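Observations on the three-dimensional arrangement
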Amino acid sequence: MGVKYGTGDETPREHTVSISASGLRIEEILHHFDLLGDDAVSPSALVSGGASVRWSGNRADQMAGSADVTFERIDGELPGSGTAMLGWRGARGTVESASLETPCSVIEMAG
């Protein structure tokens, strides 16, 4: 993880946080979000990729970020694989593009 701060006395300070991860279980990640749908159905995949978020001053509501992730299928209730490019500004997230595959479906999405 890298953190970059502005230098000197400049105002506002700029902040950037970048992270990369490998082999995280998706069901553990999803426990941190209140998503619509049936909590009894848990996707099974390992997540790898990178994300970054940036903002100026103390206005975290104006933060912007992006993530590129890969989902690797593992055994479980709902095994899945694919890729996704995500973006967000403030509290609004956007699926820039995604290609996901489960045993019974293939999903392509954007927007």
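Residues numbered from 1 in each chain as written. Predicted model: local features only at pLDDT ≥ 70, side-chain atom pairs only at ≥ 80, totals over all residues. Heavy atoms only, no water.

1. Quick look at the overall build of the protein
- From N to C terminus, the protein includes one helix and eight strands.
- Taken from N to C terminus, the helices and strands of the protein fall in the order β-β-α-β-β-β-β-β-β.
- Pairs at least 24 apart in sequence give 38% of the contacts found in the protein among residues at least 6 apart.
- Looking at the protein as shown, the accessible area adds up to about 7900 Å², and 55% of this sits on carbon and sulfur atoms. (Helix = DSSP H or I, 4+ residues; strand = E, 2+ residues; numbered from the N terminus. Contact = heavy atoms within 4.5 Å. Areas by Shrake-Rupley, 256 points an atom, 1.4 Å probe, with all protein chains shown as cover.)

2. Some details on the pattern of salt bridges
- Applying the stated criterion across every chain yields a total of one salt bridge.
- Close ionic contact of glutamate 27 with arginine 25 constitutes a salt bridge, the shortest N to O distance being 2.9 Å.
- By relative accessible area, which is 17% here, glutamate 27 ends up buried.
- Residue classification places arginine 25 among the partly exposed residues on the basis of a relative accessible area of 34%. (Salt bridge = Lys/Arg side-chain N within 4 Å of Asp/Glu carboxyl O. Buried < 20%, exposed > 50% of the residue type's maximum accessible area, 1.4 Å probe, protein only.)

3. Considering the pairing of strand E8 (residues 105-109)
- Looking at chain direction, strand E7 (residues 92-102) and E8 are connected through five bridges and run antiparallel. When the sheet's bridge partners are listed, leucine 100 is paired in E8 with isoleucine 107.
- Between E7 and E8, which follow one another and run antiparallel, lie two residues. (Pairing = 2+ DSSP bridges.)

4. Some points on the environment of alanine 51
- Relative to the assigned elements, alanine 51 resides in strand E3 (residues 43-56).
- Along the backbone, alanine 51 and valine 17 are 34 residues apart, and their C-alpha atoms lie at a distance of 8.3 Å.
- Those residues in contact with alanine 51 that sit more than four places away from it in its chain are Val17, Ser18, Ile19, Ser66, Ala67 and Trp88.

5. What about the side chain of threonine 102?
- The residue threonine 102 is located in strand E7 in this model.
- Within the structure, the side chain of threonine 102 is placed 2.8 Å from the side chain of serine 105, a separation counted as a polar contact.
- Ignoring sequence-local partners within four residues, the contact set of threonine 102 consists of Arg73, Leu78, Pro79 and Gly80. (Polar contact = N/O pair within 3.5 Å; in protein donor to acceptor, adjacent residues only side chain to side chain.)

6. Focus: the confidence of the model for the protein
- For the protein, per-residue confidence averages 84 on the pLDDT scale, and 87% of positions sit at 70 or higher.
- Ranking the helices and strands of the protein by mean pLDDT puts strand E4 (residues 64-73) first, with 95, and strand E1 (residues 2-5) last, with 54. (pLDDT = per-residue confidence, 0-100.)

7. Quick look at the environment of valine 95
- By secondary structure assignment, the location of valine 95 is in strand E7.
- On the accessibility criterion, valine 95 (22% relative accessible area) is partly exposed.
- In this structure, the C-alpha to C-alpha distance between valine 95 and serine 66, residues 29 residues apart in sequence, is 9.8 Å.

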